[in-house]
Amino acid sequence: MPTIQCEYDKWIYKVFNQRSLTQRRANVIYSGHSNYFAMPNIKVFCGSSHPLLGERVCNRLGIANGEVTLKKFSNRETSVEIGESVRGEDVYIIQSGSGDINDNLMELLIMVHACKIASADRVTAIIPLFPYARQDKKDKSRAPISAKLVANMLSVAGTDHGFFDIPVDNLYAEPAVLRWIKENVEGYEEAVIVSPDAGGAKRVTSIADKLNCDFALIHKERKRANEVATMVLVGDVKEKIAILVDDMADTCGTMCLAGDKLFKAGASKVYAILTHGIFSGNALEKINNTPFEAVVVTNSIPQEHHRKKCPKLKVIDIGMILAEAIRRTHNGESVSYLFNNVPM
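In this numbering scheme, every chain counts its residues from 1 along its sequence in written order. Local features in this predicted model are restricted to residues of pLDDT 70 or higher, and side-chain atom pairs are both shown and tallied only at a pLDDT of 80 or more, whereas totals for entire chains, interfaces and linings draw on every residue. As a rule here, side-chain values cover all heavy atoms of the structure and leave hydrogens and water aside.

Our focus in this paragraph is the environment of Ala147. Take Ala147: it is sitting in helix H5 (residues 146–157). A 1.4 Å probe rolled over the protein chains alone gives each residue an accessible area, and that area as a share of the maximum for its type sets the label: buried under 20%, exposed over 50%, partly exposed in between. Given a relative accessible area of 2%, Ala147 falls into the buried group. For the pair Ala147 and Phe130, spaced 17 residues apart in sequence, the C-alpha separation works out to 8.1 Å. Going along the chain from the N terminus, every DSSP run of H or I of four or more residues is numbered as a helix, and every run of E of two or more is numbered as a strand.

Note that a disulfide, as used here, is simply two cysteine sulfur atoms within 2.5 Å. Scanning the model with the defined rule gives zero disulfides in all. There is no disulfide at Cys58, and the cysteine sulfur nearest it, in Cys46, is 4.6 Å away.

We now examine the side chain of Glu174. Tracing the backbone shows Glu174 in helix H6 (residues 174–184). Polar contact is the term for a pair of N or O atoms within 3.5 Å; when the atoms are in protein, one must be able to donate a hydrogen and the other to accept it, and sequence-neighboring residues count only if both atoms are side-chain atoms. Side-chain polar atoms of Glu174 contact the side chain of Ser206, separated by 3.0 Å. Glu174 has contacts with Arg203, Ser206, Ile207 and Lys210, leaving out every residue within four places of it along the chain. When checking whether two residues touch, look at their non-hydrogen atoms; a contact exists if any pair is within 4.5 Å.

Time to look at the pattern of salt bridges. Salt-bridge detection follows one rule: a side-chain nitrogen of Lys or Arg within 4 Å of a carboxyl oxygen of Asp or Glu. Applying the stated criterion to the full structure yields 15 salt bridges. A salt bridge links Asp250 to Arg134, with the shortest nitrogen-to-oxygen separation between them at 2.9 Å. Placement of Asp250 in the loop between strand S11 (241–249) and helix H8 (253–264) and of Arg134 in the loop between strand S7 (122–126) and H5 is noted, with a sequence separation of 116 residues between them. Of the residues examined, Asp250 reaches a relative accessible area of 12% and is grouped as buried. Note that Arg327 is salt-bridged to Glu324, the shortest N-O span being 2.9 Å. With Arg327 and Glu324 both in helix H11 (residues 319–330), this residue pair falls three residues apart, about one helical turn. Side by side, Arg327 and Glu324 carry an identical accessibility label, which is buried. Through salt bridges that share partners, Glu324, Arg327, Arg328 and Glu333 make up one connected network.

It is worth spelling out the packing of H6 against helix H7 (residues 201–211) at this point. Fitted lines through C-alpha atoms give the axes, limited to the stretch in contact for helices. The angle between two N-to-C directions lies from 0 to 180 degrees. Here H6 crosses H7 at 50°, and the two axes come no closer than 11 Å. Overall, the two elements H6 and H7 adopt an arrangement that is oblique. In this structure, H6 crosses over H7, and the sense of that crossing is right-handed. Every residue of H7 that contacts H6 at Glu174, Val177, Leu178, Ile181 and Lys182 is listed here: Arg203, Ser206, Ile207, Lys210 and Leu211. When grouped by side-chain class, the residues that make up the contact of H6 with H7 number five nonpolar, one polar and four charged. Throughout this description, any angle smaller than 35 degrees is read as roughly parallel, any larger than 145 degrees as roughly antiparallel, any in the 65 to 115 degree range as roughly perpendicular, and the remainder as oblique. Should the near helix be turned anticlockwise from the far one by less than a right angle, the crossing is termed left-handed; should it be turned clockwise, right-handed. Ten residue types, Ala, Val, Leu, Ile, Met, Phe, Trp, Tyr, Cys and Pro, are classed as nonpolar, four, Asp, Glu, Lys and Arg, as charged, and the remainder, Gly among them, as polar.

With that settled, the discussion passes to H6. Listed as buried for H6 are Glu174, Pro175, Ala176, Val177, Leu178, Trp180 and Ile181. Elements that come into contact with the buried residues of H6 comprise H7, S11, strand S12 (269–277), strand S13 (294–298), strand S14 (313–316) and H11.

Attention now moves to the pairing of strand S3 (residues 42–46). Strand residues, when the strand is regular, have side chains that alternate between the two faces of the sheet. Most of S3 sits out of view: five of its five residues are buried. Residue alternation in S3 divides its side chains into two sets, Ile42, Val44 and Cys46 and Lys43 and Phe45, and both sets are buried. For two strands to pair, DSSP has to find at least two bridges joining them. With five bridges connecting them, S3 and strand S6 (residues 90–94) associate as parallel partners. Residue pairing in the sheet places Ile42 in a bridge with Asp90 of S6.

Here we come to the packing of aromatic side chains. Both the distance between ring centres and the angle between the ring planes are used here to describe each pair of aromatic rings. Think of it this way: a Phe, Tyr or Trp ring, Trp meaning its six-membered ring, pairs with another when their centres are within 6.5 Å, and the plane angle makes it stacked under 30 degrees, edge-to-face over 60, tilted otherwise. Summed over the entire model, instances satisfying the criterion amount to two aromatic pairs. Judged by centre distance (5.3 Å) and plane angle (90°), the ring pair of Tyr172 and Phe339 falls under edge-to-face. Note that Tyr172 is positioned in the loop between H5 and H6 and Phe339 in the segment after H11, a separation of 167 residues in sequence. Note on Trp180 and Tyr271: the rings are 6.2 Å apart at their centroids and 70° apart in plane angle, and the pair reads as edge-to-face. In this pair, Trp180 is assigned in helix H6 and Tyr271 in strand S12, connecting sequence segments 91 residues apart. Accessibility expressed as a relative area gives 13% for Trp180, which makes it buried.

So yeah, pure geometry; function would need other evidence.
This is the structure:
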């Protein structure tokens, strides 16, 4: 909880504590102090996948990280100990599907379960990168829908707000991407927004419409997963700034081939903007060897180590978006505001 700063704040706390849980959850009273507001009956716990993002979210909310001890037994089983009472609390658990994905997923499930059986009033999973998100449909015979399995596991563990069979709020990076382009790409009005595949056409047309500029796409044919056979550019980028937009960068093979294709087509500069920067294997080496002006990702995954290896890498902070989503969910406000706006 925030430190009580004056007699006025003490009065606010007294008023809040006399209210019912529903009334306390439904309101936020601003004390008049900069970046400070009372948020009773809320706890935010951070898993081990991205502690820095969790810290930023808590700082934005003006509350301390929830006390939790995360460790491994000698046989590599995950141990979770919630270090404070969550009875009757509105609990949020931040855990991204990055790094050791299976370990982090299990850690999240155990944290959710631990809070639920400790009588938390509500448990919400905040997952910046959903694990197994790429396996979200049956694209061939006998293929599993692993994303649905993960969603079912979260629901069984005890989440009240998350994915598929329970209420879900899908947050978008588009407003933050638009702001980054306007602030950092000189002459963006004459740029071309490019999708590296046909599947991202809806994404780039939405961005192009909001920036009032042209769009193009690259048609690709794959030999197998993570390996592209041919690429065909549909659209004109000659003597224009090309901005590649995609949801994820893993091995970066497709992205770098697309960047080379745009340069060969006469683009004056090429930017790549991606929501999730995974950067497996020698992905960063590929980026360094491709003449991108900049490669922009969000911090849905820890990027500090990647930035040291790749000076072209720029990071958009989504901590403020997650914090505002938590605040709005806690207070029963609409989250749809975040679909088109970035909190200041």
